[in-house]
Amino acid sequence: MNLHEYQGKEILSSFGVRIQRGLVAHNAQEAVDAAKRLTNQTGTSWHVIKAQVHAGGRGKGGGVKIAKNLNEVEEIAGNIIGMRLVTPQTSAEGKRVHQVLVAEDVYYPGDSDHQEYYMSVLLNRSTGRNMIMYSTEGGMDIEEVAEKTPQLIFTEQIDPTIGLLPFQARKIAFNLGLAGTSFKEMVRFVTSLYKAYVESDANLFEINPVLKTSDDLIMAVDAKVTIDDNALYRRKQYAEMRDLREESPIEVEARLVGLNYVDLSGNVGCMVNGAGLAMATMDLIKMAGGEPANFLDVGGTADAKRVEEAFRIILKDSAVKAILINIFGGIVRCDRVAQGVVDAYNNMGDSINVPIIVRLQGTNAELAKEIIDNSGLAVHSAVQFQEAADKVKEVLA
Ligand code: GDP
Ligand code: MN
């Protein structure tokens, strides 16, 4: 689950990580009030207005602007809220902005003695360890730095059973070229950032930029945070931060009926039981010259109700030109699944307007094929993997 910058910063702050302070506003008037309150708190009269959407590159898209007085706060916030923000990380239609973060300007005007770094904490799946990635080249595209000057990106591997050791935090501060106050600040920053990552069950904390102010404070100016979905049951306070407006509407609906669905960009809808088989099925579709429109694991009980729910979700994607149902009948017998498909199809009447290929394998597979073939419905049946692939090719042609 992804979070907004302001939510990520809230979490960081609760773990003692210094952040650029700010308040959320939903309209221009709230932004002005927020700016006034911040000025009382921080003493700075300049503010930065930042669009809150789940996408990076907001600065480049015009979603991060400096306001030098309250009139500008009102004008900029008014312009940004409600706009469709297009950034290098959004689609061409962009993302609607519902709220902005009004933050203190921490790049003190006229003072160029500040420095931007990059830092992220994430899981390195190949070593099974957590890792801190960091670079002196912050603020800009880290992908570009990784491509052109990979030697400027450092990593620190952390054994999850031991945790971050003090010498590792000092090494990071040293490699970033810091000394004195800013060195101590960075050690504190890294230590509390790592603690925030572990104790919030996050998959990712990416801070770009980490800022060294001209008075040697180290703080998070941006925050991209992803919390592990599987941990949300025990992190209720973060689960509540979910903003459904930022997520694919089809995925949100699928989650409500308990289907494991991921929206993809292709044209062949998939209905499969088991995540491994679902991935193999997506490969199969590609080999047949199609592109999967989704990943969908219907789980263990592929009965009529479940199949119907899955049909409805898949068909919400208007790009779908065919649906491939690939079910392995182990505990659920294939003939029951086949009957489920037939019942669901009959229940849904005309709303199924694309060809359907059903491949059932496992207990009673032959009987299942008979049920499908004798149903009189426009459903193609297959038993072998290859047969199913050929049928997909056929209906797409
Ligand atoms: P992103 O573009 O979505 O990654 O959004 P960021 O939060 O990283 O902001 C983009 C850029 O705005 C940063 O790299 C900073 O250079 C700049 N920025 C952010 N906060 C301030 C600020 O308080 N003052 C000034 N002058 N620039 C800021
Ligand atoms: Mn950023």
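So, a few notes on the structure that sits alongside this text. Along each chain, residue indices are assigned from 1 in the same order as the chain's sequence is written. For this description, chains carry letters from A and ligands carry numbers from 1, given in the order in which they are written. Since the coordinates come from a predicted model, pLDDT governs what is reported: local features require at least 70, and pairs of side-chain atoms require 80 or more to be given and counted, while whole-chain, interface and lining totals use all residues. Just so you know, side-chain values use all the structure's heavy atoms and leave hydrogens and water out.

**Looking at the overall build of the chain**
Inference 1: The helix and strand tally for the chain stands at 13 helices and 18 strands.
Inference 2: Its C-alpha atoms put the chain at 80 × 50 × 40 Å along the principal axes.
Inference 3: Residue burial in the chain is summarised as follows: out of 397 residues, 48% are buried.
Inference 4: Should any heavy atoms of two residues lie within 4.5 Å, those residues are counted as being in contact. Considering only contacts within the chain whose residues lie at least 6 apart along the sequence, 67% involve residues at least 24 apart.
Inference 5: With the model as given, the accessible surface of the chain reaches about 18,500 Å², and the carbon-plus-sulfur share is 51%.
Inference 6: Charged-residue counts in this description rest on Lys and Arg as positive and Asp and Glu as negative, His and the chain ends being excluded. Where a charge lies is defined by one atom per residue type: Lys uses NZ, Arg uses CZ, Asp uses CG and Glu uses CD. For the chain, the distance from the average site of its 41 positive side-chain charges to the average site of its 52 negative ones is 3 Å. A run of H or I in DSSP counts as a helix once it spans at least four residues, and a run of E counts as a strand once it spans at least two, with each numbered from the N terminus. Burial classification: accessible surface area is computed with a 1.4 Å probe over protein chains only, and a residue below 20% of its type maximum counts as buried, one above 50% as exposed, and the rest as partly exposed. For the area figures, the Shrake-Rupley method with a 1.4 Å probe applies, and any residue is considered shielded solely by the protein chains shown.

**Quick look at the coordination of the manganese ion (ligand 2)**
Inference 1: Ligation of the manganese ion (ligand 2) by protein atoms is provided by Asn208 (O) and Asp222 (OD), these donors lying 2.2 Å from the ion. With Asn208 in strand S10 (residues 202-212) and Asp222 in the loop between strand S11 (218-220) and strand S12 (224-227), this residue pair connects regions lying 14 residues apart in the sequence. For Na, K and Ca the donor cutoff is 3.2 Å, while for all other metals N, O and S atoms must lie within 2.8 Å; water is not among the atoms, so some sites may look incomplete.

**Description of the packing of aromatic side chains**
Inference 1: Only Phe, Tyr and Trp rings take part, Trp by its six-membered ring, and two of them pair if their centres are within 6.5 Å. Stacked means planes under 30 degrees apart, edge-to-face means over 60, and tilted covers everything else. Inspection of the entire model under this criterion finds 2 aromatic pairs.
Inference 2: Ring plane angle 20° and centroid distance 5.3 Å describe the contact between Tyr134 and Phe154, whose orientation is recorded as stacked. Pair noted here: Tyr134 is in strand S8 (residues 129-135) and Phe154 is in strand S9 (residues 153-158), with a separation of 20 residues, a long-range link.
Inference 3: For Phe154, a relative accessible area of 29% gives the class partly exposed.
Inference 4: Look at Tyr194 and Tyr197: their rings are 6.1 Å apart centre to centre, the planes differ by 35°, and that puts the pair in the tilted class. Of this pair, Tyr194 and Tyr197 both sit in helix H6 (residues 180-199), 3 residues apart, which is roughly one turn of the helix.
Inference 5: Classification of Tyr194 by relative accessible area gives buried; the value is 6%.
Inference 6: Overall, the relative accessible area of 4% leaves Tyr197 in the buried class.
Inference 7: The ring centre of Trp46 lies 5.6 Å from the NZ or CZ of Lys68, which sits over that ring. Two conditions define a charge located above a ring, namely a distance within 6 Å from the ring centre to NZ of Lys or CZ of Arg, and an angle within 35 degrees of the ring normal.

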